[in-house]
Amino acid sequence: MIAAKGYAAQNAKAPLAPFQFERRDLKPHDVQFDIHFCGVCHSDIHQVRDEWGGSIYPMVPGHEIVGRVTAVGDHVTKFKVGDLAGVGCIVDSCRHCESCEQGLEQYCLNGNSQTYNGREQDKKTPTYGGYSNLIITHEDFVFHIPESLDLAAVAPLLCAGITTYSPLKYWKVGPGHKVAVLGLGGLGHMAVKFAVAFGAEVTMLSTSASKEEDAKRLGAHKFVLTKDADQVKAVKGYFDFIIDTVSAPHDYNMYLGLLKVNGVHICVGAPPTPAEIGVFNLLGSRKSLVGSNTGGMPETQEMLNYCGEHNIVSDIELIPMSEIDTAYERMLKGDVRYRFVIDMSTL
Ligand code: NAP
Ligand code: ZN
Ligand code: ZN
């Protein structure tokens, strides 16, 4: 086994603290890399605090992981020592179900292995994420990172990036579409960047008046303060799509009213509690309320290549490992601009 160190939660109430653990020895198809940066996703908070239920402790969070390869197994063909490498939300899957065969490992019918707070495919060994100094992962679940991009700002593409890129692609969002992005945080700011890059008209729906200038700088064409009833009324029946990135409970019915006939409300935000939906808000105008989860391996690589070609990265605030709890508190207040990334050299 290989000694590793990181930060872990020991239970749902304790702050994250230094933690020593072991990674597996390199198998023939494994890639080992030193983690240089790891993004901080709101899913880390949900899971550390066991808001979704079933959390496994000790938990080393982190699924926006980038660094440089330090060793490869004998049969590895896709990476060599010194290459940039990334790992996102999944480190393995069954590889033979209908979803896996289509490159939709995020929807593996036999249960994929989440990067942390999960189990390896033996369904026993716990997985540990990117708030750590190194990781060892099968090469099929490791991504190539364009050398041209700022590495720290690439990290959030591994979750916030792919989670917004994937539904925009699936629903073929592009020129002629009016898209609303709900919630300007890690996912929200990437949704704005991609929807603008794909040619849509983009409106930011936010609870924070202070984010209007940033929303425009990120490329949003319009800004609606959702606390202002008059501003909300002005966009009733206006949008083809809403990309909903909100992490806390909110009223879906209100936002469904902002869609056109045939409009689609895409949930990527994952509030822990169930919501009540008035079905008349859907059937009256043939609207859809749908969800989307991260992205598969081929699409994640496609997204990273797209970002390399179009010079798209995340807007980040780099933090030392020791400031993780403060970062969580700030995210819970909506005070994030627009992704915290941990500098792993501070571990
Ligand atoms: P984040 O950076 O904390 O941003 C969330 C934003 O939501 C906030 O900045 C705020 O934006 C808005 N917001 C917060 N509370 C709100 C409320 N009560 N009503 C309306 N808006 C509110 O979080 P994130 O990392 O982007 O993650 C967002 C959600 O997506 C989390 O639930 C996370 O678990 C989930 N997620 C899902 C997937 C997936 O695969 N589906 C992947 C990653 C993350 P404003 O200040 O602009 O209002
Ligand atoms: Zn995430
Ligand atoms: Zn599968």
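Residues numbered from 1 in each chain as written. Chains lettered and ligands numbered in written order. Predicted model: local features only at pLDDT ≥ 70, side-chain atom pairs only at ≥ 80, totals over all residues. Heavy atoms only, no water.

S.K.: Go over the site of ligand 1, please, and point to the residues and values.
M.R.: In the neighbourhood of ligand 1, 31 residues make up the surrounding shell, with His42, Ser206, Thr207, Ser208 and Arg339 lying closest. Contact distances for ligand 1 include 2.6 Å between an oxygen atom and a side-chain N or O atom of Arg339. Surface burial for ligand 1 is 90%, taken as the share of its 920 Å² of free accessible area covered by protein chains. Those elements that place two or more of their residues in the shell around ligand 1 are α1 (42-48) and α5 (186-197). By residue number, the principal contributor to the shell around ligand 1 is α1, which donates 3 residues. A class-by-class count of the residues in the shell around ligand 1 yields 12 nonpolar, 17 polar and 2 charged. (Near = heavy atom within 4 Å. Polar contact = N/O pair within 3.5 Å; in protein donor to acceptor, adjacent residues only side chain to side chain. Areas by Shrake-Rupley, 256 points an atom, 1.4 Å probe, with all protein chains shown as cover. Helix = DSSP H or I, 4+ residues; strand = E, 2+ residues; numbered from the N terminus. Nonpolar A, V, L, I, M, F, W, Y, C, P; charged D, E, K, R; others polar.)

S.K.: Could you give an account of the environment of Ser43, naming the residues involved and the relevant values?
M.R.: For Ser43, the position within the fold is in helix α1. The sequence separation of Ser43 and Cys159 amounts to 116 residues, and the corresponding C-alpha distance is 9.8 Å. Those residues in contact with Ser43 that lie beyond four places of it in its chain are Trp52, His63 and Tyr116. (Contact = heavy atoms within 4.5 Å.)

S.K.: How would you explain the domain arrangement of the chain if you had to name every residue and give the values?
M.R.: The domain architecture assigned to the chain consists of domain 1 (2-159 + 295-346) and domain 2 (161-291). Taking only C-alpha atoms, the centre of domain 1 and the centre of domain 2 are 27 Å apart. Residue-level contacts link 24 residues of domain 1 with 24 residues of domain 2. Carbon and sulfur atoms supply 55% of the area that domain 1 and domain 2 bury against each other, a total of about 2,100 Å² over both sides. (Domains from an automatic or database assignment. Buried area = accessible area lost by both parts, 1.4 Å probe.)

S.K.: Talk me through unusual backbone geometry; I want residue IDs and the actual numbers.
M.R.: Trans is the prevailing form of peptide bonds, just as negative phi is the prevailing case for residues other than glycine. Omega for the bond connecting Tyr57 with Pro58 falls within 30 degrees of zero, at -5°, which places this linkage in the cis form. Position of Pro58 relative to the elements: it lies in the loop between α1 and β4 (65-72). Each neighbour pair has its own omega, and for Arg337 with Tyr338 the value is -15°, a cis peptide bond. A positive phi is found at Arg286, a non-glycine position, where the angle reads about 45°. By the element assignment, Arg286 lies in the loop between α9 (280-283) and β14 (288-291). Judged by relative accessible area, Arg286 falls into the exposed class, the value being 62%. Positive phi, close to 35°, is recorded for Thr294, a residue that is not glycine. Take Thr294: it is sitting in the loop between β14 and α10 (297-310). Classification of Thr294 as buried rests on a relative accessible area of 10%. (Buried < 20%, exposed > 50% of the residue type's maximum accessible area, 1.4 Å probe, protein only.)

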